[in-house]
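Structural features, examined
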Amino acid sequence: MTKPRFTVDITGALSALEAHSILTAMSDKGCSHEQIGLRLPLGIYNVSISRVADKLIRLCRRIETYFNAPNTVHPQGDTREVLLEIIDYIELSLYAAAEHVDDVKSICTGFFKHTSVRDKDQAYRTLEKAVKQHKHFVASAANAIKHQQSRIRLATIEFKDDGHVGALHGYFIEGVANGVVGPSSTFHRSKKLFSLTSLVWEIVLFLLLVSRDLATFLRSVSVHREGPVKVSSDQFAKAVVAAARLPIYDFGEAHPFSRATIELNAPEPSLHLLESSLYGSIRYGWSISSAPTFGQLVSQYEGDGKTKQFELFHPESVSFQHWT
């Protein structure tokens, strides 16, 4: 099966979100959104995308700061404060992504007289099925954090590669088994650790995939359109740029780039936006010829005043992803 392909203009001049231009061109005539207490479709979409993108940008900026910190194996002081902010923004990003599903549902609802009619519509049912697959991870993670006290924890492993000495950061969703706190068996059946930077791309890809499926649905809606339009998406483009400034790697889990191709349209005057000087980022890629070595992994567990047993683990593998 051919992987889906998306092109993102890093200047934001042309939106990479396929539903965006359709919603912009769509007439408000025939929409019942306002009558049922909703924003108009484009308004719902703009607010939703902006919310997710804002959280991703804030998360990426803190991750970039953390990669530049001198000691993240045993973080202290300001470095520990950044670690805690990363955890907060991971959770906020997951919540916003999960809420995006409800926002897409609201966009669709206003095109039907009753939800019973909506639920029988073939185009809507196709969209709902596709979104259910796309949202599985973000919705499950957000639900576990919110309702099951499943906290996000970071873990750091040191590495040496081609003269570079640094650290790679991962995260796991915490669970409890027989009184031992460790990676949740629900999310970490085979891989105990996920790449911190792959999470950002997971949410970026989620937005792109849902937008493509929403676009397909919107084309089936009998609402007057003004014709093709060009629409910008500055906030989403900034989120993609913030992600591309980070190293890309995985700890053996399926990286989002294995499921889709994301190309960046980066005009020469805008290339500086991608420059973070971080080894492994798009502008400063991993060495192809060297063989990296790794040290021990340190997990940032938090005590609860009662639990005394915490699972120690090590990633089964580490893979450096290369931009092509």
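What you see is a predicted model, and the numbers here were worked out from it, not measured in a lab. (Residues numbered from 1 in each chain as written. Predicted model: local features only at pLDDT ≥ 70, side-chain atom pairs only at ≥ 80, totals over all residues. Heavy atoms only, no water.)

The secondary structure content of the protein chain amounts to seven helices and 10 strands. For the protein chain, the C-alpha radius of gyration of 21 Å lies close to 20 Å, the compact-globule estimate for 324 residues. Once the C-alpha set of the protein chain is aligned to its principal axes, its extents read approximately 60 × 50 × 40 Å. By element, 48% of the accessible surface of the protein chain is carried by carbon and sulfur atoms, the whole surface being about 16,000 Å². (Helix = DSSP H or I, 4+ residues; strand = E, 2+ residues; numbered from the N terminus. Rg over C-alpha atoms; globule rule 2.2 N^0.38 Å. Areas by Shrake-Rupley, 256 points an atom, 1.4 Å probe, with all protein chains shown as cover.)

A word on unusual backbone geometry. Not every positive phi belongs to a glycine, and Q149 is a case in point at roughly 55 degrees. Take Q149: it is sitting in the loop between α5 (122–147) and β2 (152–161). Unusually for a residue other than glycine, D162 sits at a positive phi of about 50 degrees. Among the secondary structure elements, D162 is positioned in the loop between β2 and β3 (164–177).

Turning to the nonpolar core, a few remarks are in order. In this structure, L94, F111, F137, L214, F217, L218 and F236 are the most contacted members of the largest nonpolar core, which totals 100 residues. Here the element with the most residues in this core is helix α6 (residues 196–220); it accounts for 16 residues. Once you skip the residues sitting within four places of it in the chain, L214 turns out to touch A19, Y45, V104, I107, C108 and L127. (Core = buried A, V, L, I, M, F, W, Y, C linked by side-chain atoms within 4.5 Å. Buried < 20%, exposed > 50% of the residue type's maximum accessible area, 1.4 Å probe, protein only. Contact = heavy atoms within 4.5 Å.)

Per the counting criterion, the structure on display carries 16 salt bridges. What emerges from the salt-bridge pattern is a single network uniting D54, K55 and R58. (Salt bridge = Lys/Arg side-chain N within 4 Å of Asp/Glu carboxyl O.)

For the rest of this paragraph, the subject is the packing of aromatic side chains. Counted by the stated rule, this structure contains 21 aromatic pairs. Relative to F217, the ring of F111 lies with its centre 6.4 Å away and its plane at 55 degrees, an arrangement referred to as tilted. Of this pair, F111 sits in the loop between α3 (77–109) and α4 (115–120) while F217 sits in helix α6, and the two are 106 residues apart along the sequence. This pair shows no difference in class: F111 is buried, exactly as F217 is. Geometrically, the ring pair formed by F159 and Y279 is stacked, given 6.4 Å between the ring centres and 20 degrees between the ring planes. (Phe/Tyr/Trp six-rings, centres within 6.5 Å; stacked < 30°, edge-to-face > 60°.)

This paragraph deals with the pairing of β3. Bridge analysis of β2 against β3 gives 10 bridges, and the strand direction is antiparallel. Across the sheet, residue T156 finds its bridge partner in β3, namely H169. Hairpin connection from β2 to β3: two residues lie between these consecutive antiparallel strands, with D162 at a positive phi of about 50 degrees. Where β3 meets strand β5 (residues 194–195), two bridges bridge the pair, whose relative direction is antiparallel. Bridge pairing in β5 places Y171 opposite F194. Looking at chain direction, β3 and strand β4 (residues 180–183) are connected through four bridges and run antiparallel. Bridge pairing in β4 links G175 to G182. Counted along the chain from β3 to the antiparallel partner β4, the turn is two residues long, and its residue N178 has a positive phi close to 55 degrees. (Pairing = 2+ DSSP bridges.)

A few words on the environment of Q321. Its location among the elements puts Q321 in the segment after β10 (319–320). As a C-alpha pair, Q321 and I288 span 33 residues in sequence and 10 Å in three-dimensional space. With residues near it in sequence (within four places) discarded, Q321 still touches I248, Y249, D250, H255, F257 and W286. Only 2.8 Å separates the side chain of Q321 from the side chain of D250, close enough to count as a polar contact. (Polar contact = N/O pair within 3.5 Å; in protein donor to acceptor, adjacent residues only side chain to side chain.)

Judged by its relative accessible area of 2%, F217 falls in the buried class. When the C-alpha positions of F217 and R259 are compared, they lie 22 Å apart, and in sequence the two are 42 residues distant.

By secondary structure assignment, the location of S281 is in the loop between β7 (261–265) and β8 (293–299). Those residues in contact with S281 that sit more than four places away from it in its chain are A244, R245, L246, P247 and S276.

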